[in-house]
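Here's the letter readout for the chains.
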Amino acid sequence: MWPFDGSIGGPVESLWLALYVASFALHAVLVGCVAAGAGYALVAAVRRSADPIAARTRDWLPFLLGAGITAGVGPLLFLQLLYQRRFYTANLLMGPRWGAVVPALIVGFYALYLAKASEPRRRLALGVATACFAFVGWSWTELHQVMLDDAGWRAMYAAGARFHGDAAILPRLAIWSGAMVALFAAVSAWPAAAAERRRLAGLALAGLIACGAAAAAAIALGGFDPAHGWTYLLIAAAVTAVLAWAWTARRPDGRGLTVATAATAAALIAGSVVREAPRLALIERDRATAVGAGGLPVFVVTLAIGAAAIAWVVRTARGAP
Amino acid sequence: MSPIDSAIPYYPVNDFGPLMKGLVIGGVGILHVFLAQFAIGGGMLMWYFERLGQRGLEDARTFVDGYFRLLVLVSFVVGALTGVAMWFTTIQVGARTIGLMIDEFHWLWATEWVWFAVEITAGYAFYRCGPRLGGRARLRLLALYAVASWMSLFWINGILAWQLTPGRWLDGGGVWAGFFNPSFWPSLLFRTAVSTTLGALVGCIVINTMDLPRERRAALIRRAARFAAPIAAMPVFALWFLAVLPGDSRSWLLGGSMPMTMFVGVAAGASFLIGGYAVVGLILQRLYINGATATLLLGLAFGATAAGEFVREGARKPYTVRGVLYSTSIRPAEVAALRRAGATASDPYPLRERYPTEQLARGARVERALCDACHTLRGANALVELTRTWTDDQLRLNLAKLQRTKGFMPPFAGDAEDVEALVQLLRWERDDRPAVAAAPPTSPEILAQIARWLDEAGTAPASDPRGAVK
């Protein structure tokens, strides 16, 4: 199936791309929960509401961020195989301002711990954490755009510019912000009570609508790319998610949540491919050393062992009284 | 032509002011290595203490729950993030190096990532649910955490050791020949011993914070100190490591380069002090160690780690990957072509500063391409200071025959005009950048002399990839 059918290079490149998309989607779920969750908990803290969703979210945020960063190593690795020169150049052009994402994440991480442990400092801590994650999200979006703009690299370097004012950045950020809210709602709704699910359904609908509006703006700016049908799948999945969330809002205990979660997952995968489609032509193809590198069987076996180990850990943790 | 299309990858170069790039990556790297090794040793220590707790030593279990929170808050957070920071910093310093490492070992890197994910998952599961789990589940979770964290070290160690001693990989031996390279085992064992020692030292600090009578704390310290015992074997691992190093690298560590030798001395001296206290004082004499002393020893361990990492990085010179890529991010096979075409003929990036003459601008581009990875003009490892007292001809000769001037320098990868442009830049910088360059136009005779020196030096490094000095 395009683009994993060898059409972007050879079978190895297709495998890198598939692993990139899969690990990126996993990363997106976790960081989406962190960014939107921190924002949600901040709003609840500012309103001083005893919101059980906010309490659960605060409790899980440090772990989710740790897991999100860990999951982010996967796409970071495969990105360097697919677009090595572009990724490195964009890193270097943005320089220390790009490197600032690391201290921002460290500050955000400890702020989440503080928000969990200290009620008096909660609002400040969540405000700081949300600002840090917004900065990181903006930086990644900017880096993505710098990677594409090889025609502007010389001028950016000559000017010593660390920022890249691209018209596509705001719509992209808006798309991701809406998607993150929808992802957060889908994950948070499972342990939630009926009334909480209604609220989360409303949140998810708002996120999806914002995402759709921002996507429409992005299309108006950059044109519509069907991406070999993946865009239609994305639209169908998003519409299904909207309907399923509406159903969940009416009947929180029904199967709407299952459908909404499945549709959100499908939309995320399709969206990840659609996001990638415009730059697939830029994949660096003549990379004989990388294509011929050994070790794949070891990775596959380790992945199976690791997945089994993680499944056992989750089962053990869920079995705790 | 787009910068993406050049045959030799040229990346934009960032200026870190007076900071040499090696200092930037060194700072992040040392912190990361220290924390990551502490996480490994800490995991093993916790499994051991949990086992002791389940066999009747109640305080051991109290220790596990207290110690683990520290481990999570420090090593998970800063350790994981400095790992990502290492990646970004390495790109800043040597994008081509990290690219080559990724190209060659990406499946093994992905394997390491899986183990890291298991480590984080097991760790957090214990953090959240540990107090509510039964003894068997606790022990298994901690065992999984300890194994996963050590496996993470296992995989990354092979990739890092390959940079210094690629071994049979240079002969086309493939990824496994590169991974299980000559310094793989001594390096892995050495790092494992460091990890357990760090775990023991932090354990002793934490035990001193526990609200227990002194004799009960002493009982815990005696147990924790056992984890420092592997430090006794470190001299053997260090000698093994030295023995498998390329000959030229070994000679620099053993007196050929005094800064390197001094760092070896610092690492060995600090390790000896820690080892002596741990083995003789804590294990054999069964002495008590208070929190202040344990913290002091941990500080020494940080110093030893810093010195050891400096030695490991420095021993690779003039390469970042032995025999394959120079610290200038140029492959040995590319030097001859750059001698013909000039060092910066294909460099697509303009200068950010203005220079009074074309020659000085060329010199600045040459400096950026060939020197900037390890030197600054006026800050750390400053070229202006290193060459201040040299005469012009001495400077020309030393640059043209760079790999002969210092064995740990790569051959000059440019033509005669590049050498002369760099010479004039360094003179201009030494003279505090006069508004009008004082140097007369370079004569054809001088360029011809430089070209002869370049030819005499050749394009090969001073040592062959396995370290034999030619």
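Residues numbered from 1 in each chain as written. Chains lettered and ligands numbered in written order. Predicted model: local features only at pLDDT ≥ 70, side-chain atom pairs only at ≥ 80, totals over all residues. Heavy atoms only, no water.

Caption draft 1: Fine view of the overall build of chain A. Looking only at helices and strands, chain A features 12 helices and 0 strands. Secondary structure of chain A in N-to-C order comes out as α-α-α-α-α-α-α-α-α-α-α-α. Over its C-alpha atoms chain A spans a radius of gyration of 20 Å, differing by no more than 12% from the 20 Å that the globule rule assigns to 321 residues. Seen through its C-alpha atoms, chain A measures out along the principal axes to roughly 55 × 45 × 45 Å. Burial analysis of chain A (321 residues in total) assigns 52% to the buried set. Sequence separation of at least 24 residues holds for 78% of the intrachain contacts in chain A that already meet a minimum separation of 6. (Helix = DSSP H or I, 4+ residues; strand = E, 2+ residues; numbered from the N terminus. Rg over C-alpha atoms; globule rule 2.2 N^0.38 Å. Buried < 20%, exposed > 50% of the residue type's maximum accessible area, 1.4 Å probe, protein only. Contact = heavy atoms within 4.5 Å.)

Caption draft 2: The environment of Ile-209 of chain A, seen in detail. Residues and elements named next belong to chain A. Inspection of the secondary structure puts Ile-209 in helix H8 (residues 194-222). By relative accessible area, Ile-209 is classed as exposed at 57%. It is 9.6 Å that separates the C-alpha atoms of Ile-209 and Ala-182, two residues lying 27 residues apart in sequence.

Caption draft 3: Expanded view of the nonpolar core. Ranked by internal contacts, the top residues of the largest apolar core, which has 175 residues, are Phe-78, Phe-87 and Phe-133 of chain A together with Phe-49 and Phe-63 of chain B. Among the elements that take part in this core, helix H2 (residues 58-129) of chain B stands out by supplying 38 residues, more than any other. With near-sequence residues (within four places) excluded, Phe-133 of chain A lies in contact with Val-34, Ala-35, Ala-38, Leu-65, Leu-105, Gly-108 and Leu-112 of chain A. If you look at the next biggest cluster of nonpolar residues, it comprises 34 residues, including Ile-8, Tyr-319, Leu-402 and Ala-416 of chain B. (Core = buried A, V, L, I, M, F, W, Y, C linked by side-chain atoms within 4.5 Å.)

Caption draft 4: Local environment of the side chain of Thr-305 of chain B. All names here are of chain B. Counting through the fold element by element, Thr-305 comes out in helix H10 (residues 291-314). The buried category is assigned to Thr-305, whose relative accessible area is 8%. A polar contact is formed between the side chain of Thr-305 and the backbone oxygen of Ala-301, at a distance of 2.8 Å. Look past the residues within four positions of Thr-305 in its chain and what remains in contact with it is Val-33 and Phe-34. (Polar contact = N/O pair within 3.5 Å; in protein donor to acceptor, adjacent residues only side chain to side chain.)

Caption draft 5: Molecular detail of the confidence of the model for chain B. Across chain B, the average pLDDT comes to 93, with 99% of residues at 70 or higher. Among the prediction metrics, the complex's ipTM stands at 0.94, with pTM recorded as 0.95. (pLDDT = per-residue confidence, 0-100.)

Caption draft 6: Quick peek at the packing of helix H5 (residues 184-209) of chain B against helix H7 (residues 234-244) of chain B. Residue and element names in this part refer to chain B. Contact geometry of H5 with H7 gives a least axis separation of 9 Å together with a crossing angle of 150°. Here H7 runs roughly antiparallel to H5, going by the angle between their axes. Between H5 and H7 lies a crossing of left-handed hand. Facing H5, whose interface residues are Trp-185, Pro-186, Leu-189, Phe-190, Ala-193 and Val-194, H7 presents Met-234, Phe-237, Ala-238, Trp-240, Phe-241 and Val-244. Broken down by class, the residue content of the contact of H5 with H7 amounts to 12 nonpolar, no polar and no charged. (Axes fitted to C-alpha atoms, helices over the stretch in contact; angles between N-to-C directions. Parallel < 35°, antiparallel > 145°, perpendicular 65-115°, else oblique. Left-handed = near helix turned anticlockwise from the far one by under 90°. Nonpolar A, V, L, I, M, F, W, Y, C, P; charged D, E, K, R; others polar.)

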